[in-house]
Amino acid sequence: MTDEPSSAPGTDLFEQAPERVRVLLPLPLAEPYDYAVPPETHLEPGAIVEVPLGRRRLHGVVLGPADDTVPADKLKAVIRRFPIDPLPNAVVELVKWTASWTLAPMGSVVRLAMSVPAAFEPPKPIRAFVRNPAAPDKEPRLTPARRRVLDLLEDGPPRTTTDIAVEAAVGAGVVKGMLEAGLLVTVDLPSEPAIPKPDPDYEAPELTSDQEAAAASLRGAVSEPGFGVTLLDGVTGSGKTEVYLEAVAEALKQGRQALVLVPEIALSTPWLERFEARFGVTPAVWHSEIGPPRRRAVWRAVSEGRARVVVGARSALFLPFRELGVIVVDEEHDAAYKQDDGVSYHGRDMAIVRARIEDIPIVLATATPSLETWTNVETGRFRRLELPARYGPARLPDIDLVDLRRDRPERGRWLSNTLSRAVHATVERGEQALLFLNRRGYAPLTLCRACGHRIECPSCSAWLVEHRLSGRLQCHHCGFSSRLPEKCPSCGAEDSLVASGPGIERVAEEVYERFPDARVQTVSSDTLTGPAAAAEFVRAMTAGEIDILVGTQIVAKGYHFPGLTLVGVVDADLGLSGGDLRAGERTFQLLQQVAGRAGRSRKPGRVLLQTHQPDDPLMQAIAASDRDGFLNREADGRRLQGMPPFGRLAALIVSAKDADQADAVARALARSAPRLEGVDILGPAPAPLSLLRGRHRRRLLLKADRRANVQAILREWLSRVPIPGTVRLGIDVDPYSFM
């Protein structure tokens, strides 16, 4: 996505108090509903209100005054306005723009901005107790329990009933009795944790000349507000984080807020440590793993301006910043920024939209730019700042291809002799090795030797993945899980089920056999289940408590391990299959990122890529570290095919529990497809995952010229085809996944 919204006007207050308003509800509704305004109630745009809907009471946001289309006696009245500042105009405009671009119901999008309803009410203070200074110092008839309470509160801070009960070993009744007797008085404590304020001058880093030049440019962009997109293009280990944190520091000096987006929760652990070293405190954090109380506190702190810097996942884009001064998108190329469920939006692209609405600069940081970003740099829409070398004495690693046609692993093993010898030498030197395979579990397929049956998910057209450590078969699409059967479910043969292909657990099994004295750890999204687990992994790896790390893509980016000098990619060809439009681009990015984990300190690094296709241009480009050449060739190929970013795509996914019904609706859509010059409709056809979570899926793909108004074409097309209530129609403008 490269189109930009027009500059949004400032929040306009109504010229006079309206009698009726349009309220957008966080439901899958395309339009707001009209409500009457109670007397003496002021409701400006963005005000958060409670309204009736049938028998329910829902929260919503006021979009503006309503006309008199609906008779007054048919209108229900707003119940109340929540005691919180209105949503900023930039958030409301972002909601409208996102809904227009993605064709999602506007109510579904506003739900992203109103995801913490508990934050709309002021926090209830915590009731605590202190000694009553008016009570006599000597009370001869005090019980031992009451005496312990008074001694506890003699010089200490106020304590809650629970604290007193635990520390003084008394029951809650003792506290209540002392309050009634006048021995204690209550005080109210704030219920929300304090949000520390980052100090932009706390510990300025020592920057190289390249870093300082880039940092100075970013500081200038922030100090003179105005929209602009900058690609911070630095090789792995070049210190991009330290550079863009200087833009954050400048925003703080200007009295503005800053937002930093990261693609993975796990990446936040080392990032937070670097932030604290720079600014003296940790920033506010926003992602799906933080609990409801903390989400509530952060949402309010952002709205009230107390949270000056937020680091978060893509949903942080919809937080109610009022003084936003800069947005940073770290690892801008990462596919995790694309949301496929619900509202199908791309976090990077919507971050650019918000920056345009706010009229502020945005920084896209990466070592492997997406082709969309690269093309925007080449055409002059984005500017580029380059960090061509690693920080300090570190140098980029040597990358070699291991031809598996000649250096074939032994039967039942997955590491070539070349890679095994390199791992052994690395461990012998007291250094660390990473063996990378982007496949979770033990084996991707379990089949029967007797009849050839492959065990599939009952709800998806996907094989079940064996997870031997937990003794279960699991679907990585819907979450279905079962124990490994003792007999073949098809032919009933016993002891006939075998694992086919490797996952990281199977590679780790081989590593344990080959290197029995080495300290080995497997890391994937199954093991790094949250920030705490990620922090412990980082600590152990940094402390040198792991010799050989076997991991998936979760360890391929963002981490800095000084002792890691060898990276071995077990199957470099894995991402090239499937015919995905972006398969080559994603494979190149992933392999470049995982290669970048090696040799990030004083010791030189080495990367070995095991491949059956060493002559493939992509493999040759990686071995030669020829990123620019790869991107230019990829761009030429896409341009010839009219594919993004040189053409437009939109996917329509029809799903139903009944396969015939899914087919019927898909055919109806095909018959009504637009016949326009420069527009092609492909399909319908079964989606690669034709059965997902028990629903049969059919896909149509709209391919259009870059100049085509895809959204208008889709709206007109879909208006001609009624969709039954039992059928779901998903729309994905600019799809990233073709599953």
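Only a predicted model underlies this, so the values are computations on that prediction, with no experimental measurement involved.

Rules and cut-offs
Residues numbered from 1 in each chain as written. Predicted model: local features only at pLDDT ≥ 70, side-chain atom pairs only at ≥ 80, totals over all residues. Heavy atoms only, no water. Helix = DSSP H or I, 4+ residues; strand = E, 2+ residues; numbered from the N terminus. Rg over C-alpha atoms; globule rule 2.2 N^0.38 Å. Buried < 20%, exposed > 50% of the residue type's maximum accessible area, 1.4 Å probe, protein only. Contact = heavy atoms within 4.5 Å. Areas by Shrake-Rupley, 256 points an atom, 1.4 Å probe, with all protein chains shown as cover. Lys, Arg positive; Asp, Glu negative; His and termini not counted. Charge placed at Lys NZ, Arg CZ, Asp CG, Glu CD. Salt bridge = Lys/Arg side-chain N within 4 Å of Asp/Glu carboxyl O. Phe/Tyr/Trp six-rings, centres within 6.5 Å; stacked < 30°, edge-to-face > 60°. Lys NZ or Arg CZ within 6 Å of the ring centre and 35° of its normal. Pairing = 2+ DSSP bridges. Axes fitted to C-alpha atoms, helices over the stretch in contact; angles between N-to-C directions. Parallel < 35°, antiparallel > 145°, perpendicular 65-115°, else oblique. Nonpolar A, V, L, I, M, F, W, Y, C, P; charged D, E, K, R; others polar.

Draft legend 1. Molecular detail of the overall build of the chain. Looking only at helices and strands, the chain features 19 helices and 29 strands. Its C-alpha atoms give the chain a radius of gyration of 29 Å, within 12% of the compact-globule value 27 Å for 739 residues. Its C-alpha atoms give the chain principal-axis dimensions of roughly 90 × 70 × 65 Å. Taken across its 739 residues, the chain has 53% of its residues classed as buried. Considering only contacts within the chain whose residues lie at least 6 apart along the sequence, 77% involve residues at least 24 apart. Split by element, the accessible area of the chain, about 32,600 Å² in all, is 50% carbon and sulfur. Treating the 92 positive side-chain charges of the chain as one cloud and the 95 negative ones as another, the clouds have centres 4 Å apart.

Draft legend 2. Molecular detail of the pattern of salt bridges. The tally for this structure, following the rule as stated, stands at 46 salt bridges. In this structure, glutamate 246 engages arginine 278 in a salt bridge whose closest nitrogen and oxygen atoms are separated by 2.8 Å. Residue glutamate 246 is located in helix H7 (residues 240–253), and its partner arginine 278 is located in helix H8 (residues 268–279); the two are separated by 32 residues in the primary sequence. Like glutamate 246, the residue arginine 278 is buried in the burial classification. Where arginine 468 meets glutamate 466, a salt bridge forms, and the shortest distance between an N and an O atom there is 2.8 Å. Under the relative-accessibility criterion, arginine 468 is labelled partly exposed at 41%. What makes glutamate 466 buried here is its relative accessible area of 5%. Through salt bridges that share partners, Asp233, Arg384, Glu386, Arg627 and Asp628 make up one connected network.

Draft legend 3. Quick look at the packing of aromatic side chains. Under the counting rule described, the total for this entry stands at 8 aromatic pairs. A centroid spacing of 4.3 Å and a plane angle of 5° characterise the contact between phenylalanine 588 and phenylalanine 630, whose relative ring orientation is stacked. Of the two residues, phenylalanine 588 sits in helix H15 (residues 583–595) while phenylalanine 630 sits in helix H17 (residues 627–641), which places them 42 residues apart along the sequence. Each of the two residues, phenylalanine 588 as well as phenylalanine 630, counts as buried. Every member of this aromatic cluster is reached through a ring pair, and the members are Phe82, Phe120 and Trp299. One cation-aromatic arrangement involves arginine 278 over phenylalanine 279; the distance from NZ or CZ to the ring centre is 4.8 Å. Taking the ring centre of phenylalanine 646 as reference, the NZ or CZ of arginine 639 above it sits at 4.4 Å.

Draft legend 4. Representation of the sheet that holds strand S29 (residues 728–733) within the structure. If you walk across this open sheet you meet the 4 strands as S27-S28-S26-S29, and the pairing is antiparallel. If you trace the sheet from one side to the other, it starts and ends with strand S27 (679–692) and S29, each paired once. Each adjacent strand pair in this sheet contributes to an overall mean axis angle of 20°, direction not counted. Judged from the 10 bridges that link them, strand S26 (residues 647–656) and strand S28 (residues 695–705) form a sheet pairing that is antiparallel. Looking at the pairing, alanine 651 lines up with leucine 701 of S28. Against the sheet, helix H19 (residues 710–718) makes contact with S26, S27, S28 and S29, and its axis sits at roughly 30° relative to S26, the strand it touches most.

Draft legend 5. Geometry of helix H11 (residues 371–378). Counting buried positions along H11 gives 7 out of 8 residues, so the element sits mostly inside the fold. Along H11, the positions that sit buried rather than exposed are Leu371, Glu372, Thr373, Trp374, Thr375, Asn376 and Val377. On its buried face, H11 is in contact with strand S8 (228–234), helix H10 (347–358), strand S13 (361–366), strand S14 (383–387), H15 and H17. Where H11 ends, the next residue or the one after it, glycine 380, has phi of about 85°, a positive value.

Draft legend 6. The packing of helix H3 (residues 144–152) against helix H5 (residues 172–180), seen in detail. Taken N-terminus to C-terminus, the directions of H3 and H5 make an angle of 75°; their axes are 10 Å apart at the nearest point. As judged from the angle between their axes, H3 and H5 are roughly perpendicular. Every residue of H5 that contacts H3 at Ala145, Arg146, Val149 and Leu150 is listed here: Val174, Gly177 and Met178. Of the residues assigned to the contact of H3 with H5, the class counts are 5 nonpolar, 1 polar and 1 charged.

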